[in-house]
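Here are the chains, one letter per residue:
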Amino acid sequence: MAAFPQIPDYMGLNTPQGQEYRIDNLDVTGRIPAEVNGTFFRAVPDPAFPPFMEDSAASLAGDGMLSAIRFENGAVSIQNRYVDTARHRAEVKAGEALFGKYRNPFTDKPEVQGMDRTVANTTPVWHAGRLLMCKEDGRPYRVDPVTLETLGSHDFGGKLQSETMTAHVRVDPETGEMFAYGYEADGLASKKLSYFITGPDGALKKEVLFDAPYCSMMHDFAISENYALFPIYPTTSYVERMKEGGDHWYHEQDWDSWLGVMPRYGDASDVKWFKGPKGVHCFHMMNAWEDANGMLHFDQCLSDSNAFPFIRAASGIEMSMQELNGRLARWTVDPRADGGEVVETVIGPPGDFPVIPAAKQGRPYDHAWMLTMDPQMQGPPVMGGPVGVMFNLLMRLDMRGGPPQAYAPGPGYCFNEPVHVPSNEEGHEGYLLTVVDHQTGPDDYEHGCWIFNAGDIAAGPIAKVAIPRRQRVQIHGWWVSREKLDSAV
Ligand code: V55
Ligand code: FE
């Protein structure tokens, strides 16, 4: 087989692994809390075949590899298995890559034209007893949570009109409903959005189709108790450029951003658009919530341009990491107004991978966690992932204005996105689980799943599980408790 090109997308932490395995009885140091009983599912892009053409966004295009770290009464195992998408299946059969550039179907080989080309590599979503591997460019794939066998593309019983579904759904803690959306819902570069709700049984209850101001890379959204919030940032798409073999995404630095606000159970005619600053972009929202005066707050990891260097490069934007001006930003609007402009307040540091307790989804919240960079860290950060550098500091933010807490293991260490495991103990903030990568040599890494007391991360990990195989960079994870696993349908 041809080799992977020796470029950063395929080197170091980004080295393709392509290994399916299960390893039991992993070594544990420290004490695993009894409440950490369940499975930490992780989505890892892992290209099975070397590309046949250059792709600036190759770090996002790898085949979905589902990684399950299972905790059963103190014993821990890991299983990694590919999502058997139509695309992966076709490439395995051919023994080579057949699909071209990230999200550009015009670059695919003729024999796979028209085939579902999603790689299901971004988030393992658990809802209504089902595990869905999601990527925003297509519909999710359903996977068996026990065997990790792929069960097929999931279209909600044939009811979903949208051709796409986000990898960032929001589950309401009280109703158990899943709130989701798809962008480019009816085709490439379209501004059509689909907003949909599934019941606690997983059945599609409602789908609303409406138009965004323009086609936008809308990676995440938010809900509050009474509203659904749709952020539109000016990373956009042009069919003509794709036909010419170009990228899917171009960032338009001088376009306005927008926040669409719709009553949760509203319709297309109910959307109100609030104007935000020009040129900004955000991948992940921390939360949205309503205060006692009925004002709506939308908390997000915002930057002054797109944080992915390859999108800025394709768009001719020269901005350094500093100039990106990353921040945790709160946009406040009055949902009773007919529109207007967002009011921005900076409430936290630059960073990404925000995490809140599932019970606080769409509600006022006291604390949250995120990944950021330690300004004091000596030596270069660990390279890897779509941005190129990995986060080396885990932070707990006090949303009521108290001091933050932080933990950095030291030079050579970096974090993948944590998941939160709630505790039933009164006043206990639960636990954070995160895969930590440690670079020990030019091409040597050690990996572990570390467990933190979520209310006291500064104390360092309370347990470490050694992972004896090289891991590729994870995108998102999802914690599924033993109880929920037992409710699988
Ligand atoms: C992101 C990740 C993606 C993608 C688009 O983290 C955005 C952001 C792993 O795939 O396709
Ligand atoms: Fe994401």
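Structural data are supplied above this passage.
These numbers were taken from a predicted model, which means no experiment stands behind them.

Conventions we followed
Residues numbered from 1 in each chain as written. Chains lettered and ligands numbered in written order. Predicted model: local features only at pLDDT ≥ 70, side-chain atom pairs only at ≥ 80, totals over all residues. Heavy atoms only, no water. Near = heavy atom within 4 Å. Polar contact = N/O pair within 3.5 Å; in protein donor to acceptor, adjacent residues only side chain to side chain. Areas by Shrake-Rupley, 256 points an atom, 1.4 Å probe, with all protein chains shown as cover. 1 Å grid on protein atoms, 1.4 Å probe; cavity = no way out; pocket = protein on both sides within 12 Å on 5 of 7 lines; lining within 4 Å. Sits in = over half its atoms within 2 Å of the grid points. Donors = N, O, S within 2.8 Å, 3.2 Å for Na, K, Ca; no water. Tetrahedral: all angles 85-135°; square planar, octahedral: opposite > 155°, others 65-115°. Points joined across faces, edges and corners; volume = space filled by probe spheres on them. Helix = DSSP H or I, 4+ residues; strand = E, 2+ residues; numbered from the N terminus. Nonpolar A, V, L, I, M, F, W, Y, C, P; charged D, E, K, R; others polar. Core = buried A, V, L, I, M, F, W, Y, C linked by side-chain atoms within 4.5 Å. Buried < 20%, exposed > 50% of the residue type's maximum accessible area, 1.4 Å probe, protein only. Contact = heavy atoms within 4.5 Å. Salt bridge = Lys/Arg side-chain N within 4 Å of Asp/Glu carboxyl O. Arc of directions from axis to C-beta.

Engineer: Give me the lowdown on the site of ligand 1, citing residues and values where you can.
Structural biologist: In the vicinity of ligand 1, the residues found are L60, Y102, N121, T122, K135, E136, M217, H219, F283, F308 and I475. The contact in question runs from an oxygen atom of ligand 1 to an N or O atom on the side chain of Y102, over 2.5 Å. In isolation ligand 1 exposes 310 Å². Once the protein is present, 97% of that is buried. More than half of the atoms of ligand 1 fall within 2 Å of the grid points belonging to the second largest pocket.

Engineer: Could you give an account of the coordination of the iron ion (ligand 2), with specific residues and numbers?
Structural biologist: Distances from the iron ion (ligand 2) to its protein donors, H168 (NE2), H219 (NE2), H284 (NE2) and H476 (NE2), fall at 2.0 to 2.1 Å. Here the iron ion (ligand 2) binds four donor atoms, and the angle range of 93 to 156° at the metal identifies the geometry as irregular.

Engineer: How would you sum up the layout of surface pockets? Please name residues and give values.
Structural biologist: Of the volumes computed, that of the second largest pocket is approximately 1000 Å³. In this structure, the second largest pocket is lined by 50 residues; those nearest its centre are A307, G351, D352, V387 and F391. Of all the elements, strand β20 (residues 281-290) adds the most residues to the lining of the second largest pocket, at four residues. The class makeup of the residues in the lining of the second largest pocket is 27 nonpolar, 17 polar and six charged.

Engineer: Could you give an account of the nonpolar core, naming the residues involved and the relevant values?
Structural biologist: Core analysis: the biggest nonpolar cluster contains 29 residues, and Y195, F210, F221 and F230 have the highest contact counts within it. Elements with a minimum of two residues in this core: β11 (178-183), β12 (192-198), β13 (204-211), β15 (227-232) and α3 (309-314). Excluding residues that lie within four positions of it along the chain, F230 makes contacts with Y181, Y195, F210, M218, F221, W258, L259, G260, M262 and W273.

Engineer: Describe the pattern of salt bridges, and please don't skip the residues or the numbers.
Structural biologist: Working definition: two side chains of opposite charge can pair if their charged atoms are close together. Summed over all chains, the structure comprises 25 salt bridges. Of the charged contacts, one joins E136 and R103 as a salt bridge, the two residues approaching to 3.7 Å between their closest N and O atoms. Of this pair, E136 sits in the loop between β7 (130-134) and β8 (141-143) while R103 sits in the loop between α1 (86-94) and β6 (123-127), and the two are 33 residues apart along the sequence. In this structure R103 comes out as buried when scored by relative accessible area, which is 6%. The closest approach of N and O atoms between R117 and D108, which form a salt bridge, is 2.8 Å. Here the residues in one salt-bridge network are D172, E174, R264 and R363, joined through shared partners.

Engineer: Lay out α1 with the relevant residues and their values.
Structural biologist: By the burial criterion, the buried members of α1 are R87, H88, A90 and E91. All buried residues of α1 project into a common sector of 165° when viewed along the axis, lining one side. The exposed set on the far side of α1, more than 90 degrees from its buried face, consists of R89 and K93. A positive phi of about 75° marks G95, the residue just after α1.

Engineer: Describe the side chain of H297, with residues and values.
Structural biologist: Locating H297 in the fold gives a position in strand β21 (residues 296-303). Residue classification places H297 among the buried residues on the basis of a relative accessible area of 9%. Among the polar contacts listed, one links the side chain of H297 to the side chain of D291, at a separation of 2.9 Å. A polar side-chain atom of H297 sits 2.8 Å from a polar atom in the side chain of T332. With sequence-adjacent residues up to four places away left out, H297 is seen in contact with N287, A288, W289, D291, R330, W331 and T332.

Engineer: Tell me about empty space enclosed by the protein, residues and numbers included.
Structural biologist: Scanning the entire structure with this criterion turns up seven cavities of 30 Å³ or more. Along the wall of the largest cavity there are 20 residues; nearest its centre are P47, F49, P51, A61 and R87. Grouping the constituent residues of the lining of the largest cavity by class yields 14 nonpolar, two polar and four charged. What the second largest cavity holds in volume is close to 70 Å³. Grouping the constituent residues of the lining of the second largest cavity by class yields five nonpolar, two polar and three charged.

Engineer: Before we move on, could you go through unusual backbone geometry and cite the residues and values that matter?
Structural biologist: Notably, N25 is not glycine yet its phi reads approximately 50°, a positive angle. Taking relative accessible area as the criterion, N25 reaches 63% and is therefore assigned exposed. For A120, which is not glycine, the phi torsion reads 50° and is therefore positive. Mapped onto the elements of the fold, A120 is located in the loop between α1 and β6.

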